[in-house]
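In case you want the letters, here they are:
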Amino acid sequence: MDFIGVSWAKKESFTMPDMDDVQDGKNFYLGVPAQTNLFFLKGGNSLDWGMKNRLARIFNPATGRSVMLAVDHGYFQGPTTGLERIDVSVVPLIAHADALMITRGALRSCVPAEISKPVVLRCTGGQSILKELSNELVAVDIEDVVRINASAMAVQVYIGGEHEHESIRNLVKIVDAGNRHGIPTLAVTGVGKEMVRDAKYLGLATRICAEMGAHFVKTYYCDKGFEKLTAACPVPVLIAGGKKLPELDALMMAYQATDQGAAGVDMGRNVFQCEAPSAMIQAVRAVVHDRARPEKAYDFYLSLKNDAAKAISTRS
């Protein structure tokens, strides 16, 4: 009987290639204990390897912090100021960010696939600024998240909002789907106009998100009690930039937040609506990763801004 052209009656003895010149192991390092490394991010030590690896792309392992660039505003605001042309205004900034928060439509149509920065994909939506903002649904299937090769998924959660229950359900669905595929979830605390952005409310919102399984949380900075908020949240907290502020004020907010326990920032309007966006995001990086004082970072911003202006003047 032949099998793949070899007659069993005449089959000779074959030697597997892996068996050639096998040498016994010698260096077992018997005096060196096996290493058990703790994961550098709060709340992440028991996560699967793939989950940790994706989080380590978003957060810099050397500092434990992240500067995310948020450009997903169009999913409910449309072509807001600074995001009219993502290919022109945003793509040049990606090199200075640790991660990019964006929708799948903008990512596929405007961002080159050659970028190496991790993507935090906006995965909820379904409303606009013309309607009740808390009325969202899960807007991306987990299979598309995998196809896009996203490093995390972002879901809006409206604690105290009209559709609070639905938004928490969205979070749970996305966390469960992400856990099956090793993709972490970012919970974003949406604050309605009637909500007070104080430590009591924001602490409630961030803690609920973490308890429901979010692997990191984005919320707003508050002047009083923010350090208690970050202490009570068992996963990393990023602050939102919020509305456009004067550059020094935005840098001061980033400094105070990280000094009080935040693991970084997820800024949008305070970068892409800035007069010199590239200079601004680099100044934010100086605050978050290098612990630069706000005044020093602001001087750095002005220097980069002036250098860019001179370069443009020279070319023209």
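(A) Structural context of the environment of Met267. Considering the arrangement of structural elements, one finds Met267 in strand 12 (residues 264-267). Considered as a pair, Met267 and Met68 are 199 residues apart in the sequence and their alpha carbons are 6.4 Å apart. Not counting the four nearest positions on each side in its chain, Met267 is found in contact with Met68, Leu69, Ala70, Gly241, Ala250, Met253, Ala254 and Val284.

(B) Molecular detail of helix 11 (residues 277-290). For helix 11, spanning 14 residues, the distance from its first C-alpha to its last is 19 Å, which sits close to the expected 20 Å at 1.5 Å a residue. For helix 11, the set of buried residues is Ala279, Met280, Ile281, Ala283, Val284, Ala286, Val287, Val288 and His289. Considering only its buried residues, helix 11 is in contact with strand 3 (66-70), helix 9 (247-259), strand 12, helix 10 (269-272) and helix 12 (294-315). Downstream of helix 11 by a residue or two, Arg291 has a phi angle that is positive, lying close to 60°.

(C) Representation of the sheet that holds strand 8 (residues 152-157) within the structure. Ordered by their spatial adjacency, eight strands build a closed barrel running 3-4-5-8-9-10-11-12, and the pairing between neighbours is parallel. The sheet shows a mean angle of 25° between the axes of neighbouring strands, direction not considered. Across three bridges, the pairing between strand 3 and strand 4 (residues 99-102) is parallel. Bridge pairing in strand 4 links Leu69 to Leu100. Against the sheet, helix 6 (residues 164-181) contacts strand 8 and strand 9 (185-189), and its axis sits at roughly 165° relative to strand 8.

(D) Quick look at the nonpolar core. One finds Leu69, Val145 and Phe226 to be the most contacted residues of the largest nonpolar core, which totals 76 residues. In terms of residues, this core owes the most to one element, helix 11, which gives eight residues. The contact partners of Val145, leaving out residues within four places of it in the chain, are Leu121, Cys123, Val140, Ala150, Met153 and Ile183. Judged by nonpolar contacts, the second largest core, of 18 residues, contains Leu41, Ile58, Phe59 and Met68.

(E) Structural view of the packing of helix 9 against helix 12. Axis separation between helix 9 and helix 12 bottoms out at 9 Å; the angle between their running directions is 135°. In terms of axis orientation, helix 9 runs oblique to helix 12. Handedness of the crossing formed by helix 9 with helix 12: right-handed. Contact residues: helix 9 offers Glu247, Leu248, Leu251, Met252 and Tyr255, while helix 12 offers Pro294, Glu295, Ala297, Tyr298 and Tyr301. Classifying every residue of the contact of helix 9 with helix 12 gives eight nonpolar, no polar and two charged.

(F) Representation of the packing of aromatic side chains in the model. As enumerated under the stated definition, the model contains five aromatic pairs in all. Judged by centre distance (5.0 Å) and plane angle (70°), the rings of Tyr75 and Phe76 are edge-to-face. Each member of the pair, Tyr75 as well as Phe76, carries the same accessibility label: buried. Sitting over the face of the ring of Tyr220, Arg197 holds its NZ or CZ atom 3.8 Å from the ring centroid.

(G) Summary view of the pattern of salt bridges. Enumeration according to the criterion identifies ten salt bridges in this entry. Between Arg104 and Asp144 there is a salt bridge, with the nearest N and O atoms lying 2.7 Å from each other. Residue Arg104 is found in helix 4 (residues 104-110), and its partner Asp144 is found in helix 5 (residues 142-148); the two are separated by 40 residues along the sequence. Among the residues examined, Asp144 registers a relative accessible area of 7% and is labelled buried. Here Glu211 and Arg207 are joined by a salt bridge, their closest N and O atoms 2.8 Å apart. With Glu211 and Arg207 both in helix 7 (residues 199-211) and four residues apart, the pair spans about one turn of that helix. Judged by relative accessible area, which is 51%, Glu211 ranks as exposed. Using a relative accessible area of 37% as the deciding quantity, one classes Arg207 as partly exposed. Because the salt bridges share partners, they merge into one network encompassing Arg104, Arg108, Asp144 and Arg147.

Conventions used here
Residues numbered from 1 in each chain as written. Predicted model: local features only at pLDDT ≥ 70, side-chain atom pairs only at ≥ 80, totals over all residues. Heavy atoms only, no water. Helix = DSSP H or I, 4+ residues; strand = E, 2+ residues; numbered from the N terminus. Contact = heavy atoms within 4.5 Å. Expected span 1.5 Å × (residues − 1). Buried < 20%, exposed > 50% of the residue type's maximum accessible area, 1.4 Å probe, protein only. Pairing = 2+ DSSP bridges. Axes fitted to C-alpha atoms, helices over the stretch in contact; angles between N-to-C directions. Core = buried A, V, L, I, M, F, W, Y, C linked by side-chain atoms within 4.5 Å. Parallel < 35°, antiparallel > 145°, perpendicular 65-115°, else oblique. Left-handed = near helix turned anticlockwise from the far one by under 90°. Nonpolar A, V, L, I, M, F, W, Y, C, P; charged D, E, K, R; others polar. Phe/Tyr/Trp six-rings, centres within 6.5 Å; stacked < 30°, edge-to-face > 60°. Lys NZ or Arg CZ within 6 Å of the ring centre and 35° of its normal. Salt bridge = Lys/Arg side-chain N within 4 Å of Asp/Glu carboxyl O.

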